[in-house]
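# Analysis of the macromolecular model
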Amino acid sequence: MKGIVGKKLGMTQVFDPETGAMTAVTVVEAGPCPVIQVKTVDTDGYDAVQLAFEETLERKLSKPELGHLAKAGAGPHRHLVEVRGESPLAVGDTVTVETFEPGEAIKVTGVSIGKGFQGTIKRHGFTRGPVSHGSHNVRAPGSIGASATPSRVMRGKKMPGRMGGSRVTQLGLVVHEVDPERNLMLIRGSVPGSASGIVEIRSA
């Protein structure tokens, strides 16, 4: 399993020089990510590679975090992310955007943009009530349970509540272009999260 950690910079447009076709892409500043730890089934119960991302100051990390990074010969980094699956990487290696090629299928994980407390129409796509004959059911959710049986609201009922701000994985994405000099990766379409949000890019 190939993977890299990056920061979403925003969206832009790319035009094909021959056909002039426009492609909407998301620009991600990915890597370089030093390999901090390699986990195996024998020692940890599962296969994974731990990557570090975004260098920071020593005073912003705890002593256990600094010691864990120093053990792998890496400086202070803000984020540690595990990529599950078998990998040929070893401690001390560095993962860059050159790991991925244009046209390669990937999946991107990030924290979706928080929308706050929202009603059922925006949160779940419910339709509104009738407008005519003085109906007061404008954006109300309607009935949420029977009175006699089961005389309670069933668990998991779609109701108003906190929307967004959760971990989301977007499938079916494709690498459009890679810029190793600036550590940039252009991904076709949109990816979860707000600008400057941390994203995890894995091979599909």
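The structure under discussion appears in the preceding block.
So, here's what we can say about the structure. None of these values were measured; they are calculated from a predicted model.

## Focus: the environment of Gly145
Counting through the fold element by element, Gly145 comes out in the loop between α3 (120–124) and β9 (161–163). Sequence-wise, Gly145 and Leu51 are 94 residues apart; in three dimensions their C-alpha atoms are separated by 48 Å.

## Some remarks on the packing of aromatic side chains
According to the stated counting rule, one finds 0 aromatic pairs in the structure shown. Across from the ring centre of Phe100, 5.2 Å away, lies the NZ or CZ of Lys2, which sits over that ring. Its end group placed over the ring of Tyr46, Arg84 keeps NZ or CZ at 3.9 Å from the ring centre.

## Observations concerning the pairing of strand β1 (residues 3–15)
Across 5 bridges, the pairing between β1 and strand β12 (residues 198–203) is antiparallel. In the strand pairing of β12, Gly3 is matched with Arg202. Here β1 runs beside strand β2 (residues 22–30); their pairing, made up of 9 bridges, is antiparallel. Opposite Gly6, over in β2, you have Ala30 as the bridge partner. Connecting β1 to the next strand, β2, in antiparallel fashion are 6 residues, including Gly20 with a positive phi near 80 degrees.

## Points about the nonpolar core
Core analysis: the biggest nonpolar cluster contains 24 residues, and Ile4, Leu51, Ile106, Val108, Met185, Ile187 and Ile201 have the highest contact counts within it. Beyond its immediate stretch of four places on either side in the chain, Ile106 contacts Phe100, Gly172, Leu173, Val174, Val175, Ile187, Ile201, Arg202, Ser203 and Ala204. With 6 residues, the next largest nonpolar core counts Ile36, Leu69, Ala72 and Ala74 among its residues.

## A look at the sheet that holds β12
Read around the closed barrel, 6 strands run β1-β2-β11-β10-β7-β12, paired in antiparallel fashion. Taking each pair of neighbouring strands and ignoring which way they run, the sheet shows an average axis angle of 50 degrees. With 6 bridges connecting them, strand β7 (residues 105–111) and strand β10 (residues 167–179) associate as antiparallel partners. Among the inter-strand pairings, Ile106 is bridged to a residue of β10, identified as Leu173.

## Concerning unusual backbone geometry
The linkage connecting Gly31 with the following residue, Pro32, adopts the cis geometry, with an omega of -5 degrees. With respect to the helices and strands, Pro32 occurs in the loop between β2 and β3 (33–39). Here the bond from Thr149 into Pro150 is cis, since omega is 5 degrees, no more than 30 degrees from zero. Position of Pro150 relative to the elements: it lies in the loop between α3 and β9. Positive phi, normally seen in glycine, also occurs at Ser151, with a value near 55 degrees. Locating Ser151 in the fold gives a position in the loop between α3 and β9. Notably, Asn183 is not glycine yet its phi reads approximately 55 degrees, a positive angle. Note that Asn183 resides in the loop between β10 and β11 (184–188).

What counts and how
Residues numbered from 1 in each chain as written. Predicted model: local features only at pLDDT ≥ 70, side-chain atom pairs only at ≥ 80, totals over all residues. Heavy atoms only, no water. Helix = DSSP H or I, 4+ residues; strand = E, 2+ residues; numbered from the N terminus. Phe/Tyr/Trp six-rings, centres within 6.5 Å; stacked < 30°, edge-to-face > 60°. Lys NZ or Arg CZ within 6 Å of the ring centre and 35° of its normal. Pairing = 2+ DSSP bridges. Core = buried A, V, L, I, M, F, W, Y, C linked by side-chain atoms within 4.5 Å. Buried < 20%, exposed > 50% of the residue type's maximum accessible area, 1.4 Å probe, protein only. Contact = heavy atoms within 4.5 Å. Axes fitted to C-alpha atoms, helices over the stretch in contact; angles between N-to-C directions.

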